[in-house]
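Read off the chains here:
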Amino acid sequence: MDRSALPAGRAWWRGATGYEIYIRSFLDSDGDGMGDLAGITAKLDVLDRLGVDVLWITPFYPSPGKDQGYDVADYIGIDPAFGTLDDFDQLVQAATDRGMRIFVDIVPNHSSDQHPWFQHAIADEDSPYRDYYLFRPAAANGGPPNNWVSHFGGPAWTLDPAGSGEYYCHLFLSEQPDLNWANPAVMEEFREILTFWCERGVDGFRIDVAHGLTKDPEFRNNPQVREVTPGMHPKDVFASFDHVHDLHRPETTKIFETWRTVVEPYDAVLLGEMDVRNIERFTEYVGGGGLDAGFVLKLASSRWEPATILSDLLTYERAALGGAAWAVSNHDQPRAVSRYGDGQVGARRAAAVTTLMLALDGITFLYQGDELGLPDAVLTGVAMDPVSTRNGGAAGRDCARGPVPWDSTAVNGFTTAPVAWLETAPLPESLTAQGQIGEAGSTWERYRAMLDLRRRLPDLWSEPFEIFDRQATSLVIFRGPLTVIANLDDKAFEFVPEGEFHIEFESHAGAVGGDGGHLRIEPEATIVLSRREPDGHALAGLAEVAHGHR
Ligand code: NOJ
C-alpha cells in the first residue's frame, strides 16, 4: 500500500487490504493432506500479485484439533502438522520482503484441555494453575453452577474429570476450558505470549472471541429470552439467552487497554473478533476501548438482503470511525457466493459488496477463495466441524473450509496426499487458480483489479466520505475526485456525472453502460468513477442522480 498517501496521524492499517488464510486448507507443502506454513510462503507471490497487504493466519499452534486449532495447547509453538518456528520465521521474512504483513490469531478466551496449565489445574486443586480457569462448585442439586450454555451445544460446564466435584466453565467445547481473566497471572502469561510473537515480526493479532474474556464474578444465570426446544441447533439455543453475564462484560475492554501497552512499542494492531450485533457494543471496544478495530461479523453471515447490507455498512462506517474490519466471508459461515444466491449470481453480488467495502474506512479482508468466486464446498467425506459432529450432524462450518483449488489435478492441487484433511468434491478448472490467474475476464483478475484500486487510487479510502445519494438499495458516495456507485438493487440505476470522468472499475463486466451524459449501472454492481485528468488534476463539476432505479 502507498503509505505516503496516509493523512498525518492515520494508522497504517486503515486502507490496507487483508486476506484470511485458513491454514489447514490453503496449501499442503509436505503431502500430509493438511495445509501448512511453507504452503503459504510458496504462494506469497500470488497473494502479492492479487494486491494483498496483510495476511491473517488462523491458528497453527500445537493443538489436539478438537476445534480445528482453536483449542491451543501451547501459545508459543507451532504444531508439527503446520511446520516449525523456522518455517514461521521464513514466512515473516518472505512477507516482509514483499511489503506484506502478518497477523496471527490469538485465542485468549480458552485454551485446550491439553494445555499444561489445565493439566496442572486438574491434577492438583491447590496448584496456582487452578485459578487460571473457572472452577465453581456444583449447584445444590449437583448440576452445573448456572444456566450458561456452550456455543457448540450443551451446558457451558463440565465436571472436573479429576473428581473434585467442581465444574469448569467452557463457552465452546468441554475440551476448550475458559481462562480466568480476573486472575492477573493470566494477563502476565499473555503479556509474554504477545511479546513473543511481536518479537518474531508479527504486525497484529486477530483476537478470537474478544467479547468473551470476562465473566460475571457472581456467575449469575443469564436471562432466558425464549424457550429452548429439543433438537434446536446449538446456535439457536445460544441465542435463546441474553448473554449479559458470560459475554460483553465491561471489564473486557480494560484487558485490551493493557494489551495495547504491550503491543504498542511494536506498532502491532489489535483486531477483535467480537460477536456483537449492535453498534453501541461494537464501539465500546474500538472507540478507545483498547482495540484498533473489530470485524463487522454481521456482514459475513447475512443473506442477500441489499437494504440491510447497505444500512449495516453505513451504520458501522459512521460509528466505527475507521475501526472496522470488513469481510463478506470467513471460515465460520457459509461463503458469501452461496449465501447470496450461488453461481454467477452469488459471485456477482459478492464482488459488488466487496468493491463497496474497499471504499470504506478501515481494513477490508478477503477470505481465501473469495477471489476465485468459490461457493460452499460439498463434503464427500466425514464432517470435521464439532458443531456438526457433536450435534448429530447439525449444519456446521465445514462448507466454508474446503481446500483451495489450485489446479485441476487430483485434490485440485491442494495436496499430493490421496485426500485432504477435509474431503470435498473436486472443483472444475474454471474455479481454480490455474484456470483464472492471467485469464482475461476471470473472477481472480477482476479481484486483482479491484484490490489495485486501493493502491492506485488511495483517495478511495483516505478522502472524506461524502454521501451524495442514498436510497434503500443503492448508494452514491464521493471520495474526493472519486465517485463510488453501489447499485445493489435488482433494477438498473441511472446517474449523470458532470464533466469528464473515467470508469476506473466495474464489479462485473458490462456493469456500466449508457449514452450521452447518462450512465446506466446494471443491477447488483458497484462501479468507481474518477474525475481526474491524466495529469492528476481533479476535474471540476458535480454529479447528479438522474432518475434512480429504472
Ligand atoms: C471463533 C473462531 O473463528 C471459530 O472458528 C472458533 O470455533 C471459535 N471462535 C472458538 O474459538
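This text follows the structure it describes.
Now for a description of the structure that goes with this document. (Residues numbered from 1 in each chain as written. Predicted model: local features only at pLDDT ≥ 70, side-chain atom pairs only at ≥ 80, totals over all residues. Heavy atoms only, no water.)

1. Some words on the overall build of the protein
Test applied: Strands here are runs of E lasting at least two residues and helices are runs of H or I lasting at least four, both read from the DSSP assignment and numbered beginning at the N terminus. Whether a residue is buried, partly exposed or exposed follows from its accessible area with a 1.4 Å probe, protein chains only, as a fraction of its type maximum: under 20%, in between, or over 50%, in that order. Contact definition: two residues touch when any of their heavy atoms are within 4.5 Å.
Assigned secondary structure in the protein consists of 15 helices and 20 strands. If one aligns the C-alpha atoms of the protein with their principal axes, the spans along those axes are about 80 × 50 × 50 Å. A burial count over the protein gives 58% of its 550 residues as buried. The contacts of the protein with a sequence gap of at least 6 include a subset with a gap of at least 24, amounting to 69%.

2. What to know about the site of the ligand
Operational definition: Residues are labelled near a given molecule or strand when at least one of their non-hydrogen atoms is within 4 Å of it. Under the rule applied, a polar contact is a pair of N or O atoms within 3.5 Å (in protein, one hydrogen donor and one hydrogen acceptor; residues adjacent in sequence only if both atoms are side-chain atoms). Throughout, the Shrake-Rupley method with a 1.4 Å probe supplies accessible areas, and for residues the shown protein chains are the sole cover considered.
The ligand sits among 13 residues. The nearest are D67, D208, H331, D332 and R397. A distance of 3.0 Å separates an oxygen atom of the ligand from a polar atom in the side chain of R206. One nitrogen or oxygen atom from the side chain of D208 is found 2.6 Å from an oxygen atom belonging to the ligand. Protein contacts shield 97% of the accessible area of the ligand, which totals 290 Å² for the unbound molecule.

3. Concerning the pairing of strand β8 (residues 269–272)
Formally: For two strands to be treated as a pair, DSSP must find at least two bridges joining them. Look down the strands so they point away from you; if the path from the first strand over the helix to the second goes clockwise, the crossover is right-handed.
Side chains V269 and L271 project from β8 onto one buried face, and the interleaved L270 and G272 project onto a second face that is buried too. Sheet topology places strand β7 (residues 204–207) next to β8; four bridges connect them, and they run parallel. By the bridge assignment for β8, G204 is matched with V269. Taking the sense of rotation as the criterion, the β-α-β connection linking β8, helix α8 (residues 279–286) and strand β9 (residues 293–295) turns out right-handed.

4. Remarks on the layout of surface pockets
Empty space left among the atoms is revealed by rolling a probe the size of a water molecule over them. Cut-off, in case you're wondering: Residues are said to line a cavity or pocket when one of their atoms sits within 4 Å of a point; the points come from a 1 Å grid over protein atoms alone, cavities being sets where a 1.4 Å probe fits but cannot get out and pockets being open sets with protein on both sides within 12 Å along at least five of seven lines. Grid points are joined across faces, edges and corners, and a volume is the space filled by probe spheres set on the points. Three classes are used, and their members are as follows: Ala, Val, Leu, Ile, Met, Phe, Trp, Tyr, Cys and Pro are nonpolar, Asp, Glu, Lys and Arg are charged, and the others, Gly among them, are polar.
Roughly 1200 Å³ of volume is contained in the largest pocket. Around the largest pocket, the lining comprises 47 residues; the ones closest to its centre are H151, K235, D275, R277 and Q333. Counting residues per element, the ones that place at least two in the lining of the largest pocket are α6 (234–238) and α9 (306–320). Counting residues per element, the lining of the largest pocket draws most heavily on α6, at three residues. Contributing elements (two or more residues each) for the lining of the second largest pocket: α11 (343–358), α13 (433–436) and α14 (443–456). When residues of the lining of the second largest pocket are assigned to their parent elements, the largest contribution, five residues, is made by α11. Residue composition of the lining of the second largest pocket, grouped by class: eight nonpolar, 11 polar and two charged.

5. Section: the sheet that holds strand β14 (residues 482–487)
Our working definition: All axes are obtained by fitting lines to C-alpha atoms, using only the stretch in contact for helices, and the reported angles, taken between N-to-C directions, cover 0 to 180 degrees.
What the five strands build is an open sheet, ordered β12-β13-β14-β19-β16; its pairing is antiparallel. Looking at which strands have only one partner, the edges of the open sheet turn out to be β12 (465–471) and β16 (502–506). Averaged over all neighbouring strand pairs, the angle between strand axes comes to 20°, with direction disregarded. As defined by bridge partners, β16 adjoins strand β19 (residues 525–530) across four bridges and the pair is classed as antiparallel. Its bridge partner being in β19, I503 is matched across the sheet by L529.

6. Describing the nonpolar core
Cut-off, in case you're wondering: For our purposes a nonpolar core is just a set of buried Ala, Val, Leu, Ile, Met, Phe, Trp, Tyr and Cys residues, chained together by side-chain atoms within 4.5 Å.
Counting 135 residues, the largest nonpolar core has I40, L55, F60, F190, W197, F205 and W259 as its most contacted members. The element that contributes the greatest number of residues to this core is α11, accounting for eight residues. Aside from chain neighbours lying at most four places away, what touches W259 is I106, P108, W181, M187, F190, L194, I207 and L270. Of all hydrophobic cores here, the second largest spans 18 residues; its members include L134, V149, W157 and V209.

7. Points about α11
The test is simple: To estimate the expected span of a helix, subtract one from its residue number and multiply by 1.5 Å.
For α11, built from 16 residues, the straight-helix expectation of 22 Å at 1.5 Å per residue is met to within 8% by its first-to-last C-alpha distance of 23 Å. Of all 16 residues that make up α11, 12 are buried, and the element is covered over most of its length. The complete set of buried residues in α11 reads G346, A347, R349, A350, A351, A352, V353, T354, T355, L356, M357 and L358.

8. Some thoughts on the pattern of salt bridges
For clarity, the threshold we go by: Here a salt bridge means any side-chain nitrogen of Lys or Arg lying within 4 Å of a carboxyl oxygen belonging to Asp or Glu.
Throughout the structure, instances matching the rule amount to 32 salt bridges. The shortest N-O distance in the salt bridge between R98 and D45 comes to 2.6 Å. Remark: D45 occurs in helix α2 (residues 44–50) and R98 occurs in the loop between α3 (85–97) and β3 (101–106); sequence separation between them is 53 residues.

9. Description of the packing of aromatic side chains
Short version of the rule: A pair of Phe, Tyr and Trp rings is counted when the ring centres sit within 6.5 Å of each other, with Trp represented by its six-membered ring. The angle between the planes then sorts it: under 30 degrees is stacked, over 60 is edge-to-face, the rest tilted. Sitting over a ring, as applied to charges here, requires NZ of Lys or CZ of Arg to be within 6 Å of the ring centre and within 35 degrees of the ring normal.
Per the stated rule, a full pass over the model turns up 34 aromatic pairs. Ring geometry for F295 against F365: centres 5.2 Å apart, planes inclined by 50°, an arrangement best described as tilted. In this pair, F295 sits in strand β9 while F365 sits in strand β11 (residues 363–367), placing the two residues 70 residues apart along the sequence. Judged on exposure class, the residue F295 and its partner F365 are both buried. An aromatic cluster is defined as three or more aromatic residues linked by ring pairs; in this entry it consists of Y75, W117, Y129, Y132, W181, F190, F256 and W259. In this structure, K43 packs its charged tip against the face of W406, placed 4.3 Å from the ring centre.

10. With respect to the environment of L457
Inspection of the secondary structure puts L457 in the loop between α14 and α15 (459–462). Taking relative accessible area as the criterion, L457 reaches 11% and is therefore assigned buried. Along the chain, L457 and P177 lie 280 residues apart, while their C-alpha atoms are 47 Å from each other. Each residue touching L457, except ones within four places of it in the same chain, is listed here: D452, L482 and E504.

11. Quick look at the packing of α11 against α14
Quick note on the threshold: An angle below 35 degrees is treated as roughly parallel, one above 145 as roughly antiparallel, one from 65 to 115 as roughly perpendicular, and anything else as oblique. Note on convention: near helix rotated counterclockwise from far helix by under a right angle means a left-handed crossing. Clockwise means right-handed.
Direction vectors running N to C along α11 and α14 enclose 15°, while the axes themselves pass 9 Å from each other. In terms of axis orientation, α11 runs roughly parallel to α14. The chirality of how α11 crosses α14 is right-handed. Along its contact with α11, which presents A350, A351, T354, T355, M357 and L358, the element α14 presents Y447, M450, L451 and R454.

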